[in-house]
Amino acid sequence: MSADDHPSGPHGRLDPDAAASGPLRSATVVVIGGGQSGLSAGYHLKRRGFTSALVEPDGGRTFVILDAEPAAGGAWRHRWESLRMATVNGIFDLPGYPKPPIDPDEPSRTAVPRYFADFEHAAELPILRAVTVTTVRRADTDPEGGLVVESSHGTWSARAIINATGTWTNPVRPHYPGQETFTGRQLHTHDYVSAEELAGLRVAVVGGGISALQQLEEINQVATTFWYTRREPVFREGEFNSEVVGREIIAKVVADVEAGKPTGSVVSYTDLAWTPYARAARERGALQRRPMFTSIEPGGVREADGSFTPIDAIVWATGFKAALGHLDPLALRNDRGGIQLVGTQVTDEPRVHLIGFGPSQSTVGSNRAGRDAVAALTRHLNKRDPGVRPAVRSPAHT
Ligand code: FAD
């Protein structure tokens, strides 16, 4: 079954146009985003007895997931064609639902959405698509009052939100002098489909992260590449215990978000690993890194040493940042630009949890953050109204 094939049901998609014209609706918890993080949160909400706000709008504790995508898969629906199951870093199973055997040569953009769709169907999660949340604001000045969630298809009132909007919709697009005069093609990782479209060209690949390295490696097979990074890339040498390294990295990111610091790029915490594609690129001489060019001219780039390099296309593999624009009315950022968290909960706004954010920006992190956010939120709600305690139960498929 493909991600688009699942029928709508009482627990699933509704006609969003009907929703748009309907009255203000309410849910105890609105989960924003239906990728791995949002699905994990949905699973754990259901497990703790929260019911569908679509089926039981007047239930004691209810939830709904609003997702901007037209079908299951989150950002995986948009990964580039050549990112196969064999070349992803690894996709952790959704809670209680092991991945079926998947052909390692299948593109992740089809395999992962299919797996997510099957999970959603089995878990009977109340997901509305395609619904984009435009703003979240406080209903009034009462710090314990409700939140108002405005979307492309109607308005919801909520006691709390779990934000799981990922990063894919917020690509980082740096600006260099003269960029608008460039006569060649420019594209971001977000828009990259396959190396074939750049065959035979002179291509500048900009960025020092995992995506940059993967794209450099494959573009270099069909084009002449030039690799530009702001800093000298750091590769982890030798054997390492990935579990121990992973724990250390996560501890660093946790320390940053708990101190309210803005977090850096993924690679600034992890360094680069000598994966098979990194080794292949090195063997072909593709890893000759150049310092960032200083400006862009119609036919190429001006190098840091003042010389000129003719270029036909620039691939901006410059990463992504958390897509949180819809939360701006809540003013969650401090004056350093960071959002301080305790676990997944915003320190100054206990009704808001951020998952798939900071230390939980991975498929394993998303899973755990979904569980932790629901546990913390349930404690918060129990303190507020101890009378309403739904029975803990398991989703249908477990
Ligand atoms: P997403 O999958 O991005 O889902 C967010 C969802 O929220 C989307 O459906 C989006 O449409 C929706 N949304 C966004 N804004 C709104 C809004 N305003 N209203 C409603 N809905 C909204 N991690 C790994 O563990 N292994 C890997 O191999 C791996 N490879 C990666 C490769 C790339 C190129 C990138 C960029 C990341 C990779 N990651 C990997 C990181 C991993 O993808 C994420 O940590 C995880 O999958 C993100 O899940 P998520 O649910 O947080 O976000």
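A few points on the structure. (Residues numbered from 1 in each chain as written. Predicted model: local features only at pLDDT ≥ 70, side-chain atom pairs only at ≥ 80, totals over all residues. Heavy atoms only, no water.)

Points about the overall build of the chain
- Looking only at helices and strands, the chain has 8 helices and 18 strands in total.
- Sorting the 398 residues of the chain into buried and exposed places 49% on the buried side.
- Residue pairs in contact within the chain that sit at least 24 positions apart in sequence constitute 69% of those at least 6 positions apart.
- Of the accessible surface of the chain, which amounts to about 18,000 Å², a share of 51% is contributed by carbon and sulfur atoms. (Helix = DSSP H or I, 4+ residues; strand = E, 2+ residues; numbered from the N terminus. Buried < 20%, exposed > 50% of the residue type's maximum accessible area, 1.4 Å probe, protein only. Contact = heavy atoms within 4.5 Å. Areas by Shrake-Rupley, 256 points an atom, 1.4 Å probe, with all protein chains shown as cover.)

Quick word on the site of the ligand
- Near the ligand there are 31 residues, and of these Ser37, Asp67, Arg79, Asn89 and Gly90 occur at the shortest range.
- Interatomic distance of 3.4 Å between a backbone N/O atom of Gln361 and an oxygen atom of the ligand.
- For the ligand, the accessible surface in isolation is 1,000 Å², of which the surrounding protein chains cover 88%.
- Within the residue set of the shell around the ligand, elements represented by two or more residues are α2 (36–47) and α8 (363–384).
- Considered class by class, the residues forming the shell around the ligand number 10 nonpolar, 18 polar and 3 charged. (Near = heavy atom within 4 Å. Polar contact = N/O pair within 3.5 Å; in protein donor to acceptor, adjacent residues only side chain to side chain. Nonpolar A, V, L, I, M, F, W, Y, C, P; charged D, E, K, R; others polar.)

Considering the side chain of Glu217
- Considering the arrangement of structural elements, one finds Glu217 in helix α4 (residues 210–219).
- The contact partners of Glu217, leaving out residues within four places of it in the chain, are Tyr277, Ala280, Ala281 and Arg284.

Describing the packing of α2 against helix α3 (residues 108–123)
- Contact geometry for α2 and α3: axes closest at 11 Å, N-to-C directions at 15 degrees. The orientation of α2 relative to α3 falls into the category roughly parallel. Of the two elements, α2 crosses α3, and the hand of that crossing is left-handed. In this structure, α2 contributes Gln36, Leu39, Tyr43 and Lys46 to the contact, and α3 contributes Phe116, Phe119, Glu120 and Ala123.
- Broken down by class, the residue content of the contact of α2 with α3 amounts to 5 nonpolar, 1 polar and 2 charged. (Axes fitted to C-alpha atoms, helices over the stretch in contact; angles between N-to-C directions. Parallel < 35°, antiparallel > 145°, perpendicular 65-115°, else oblique. Left-handed = near helix turned anticlockwise from the far one by under 90°.)

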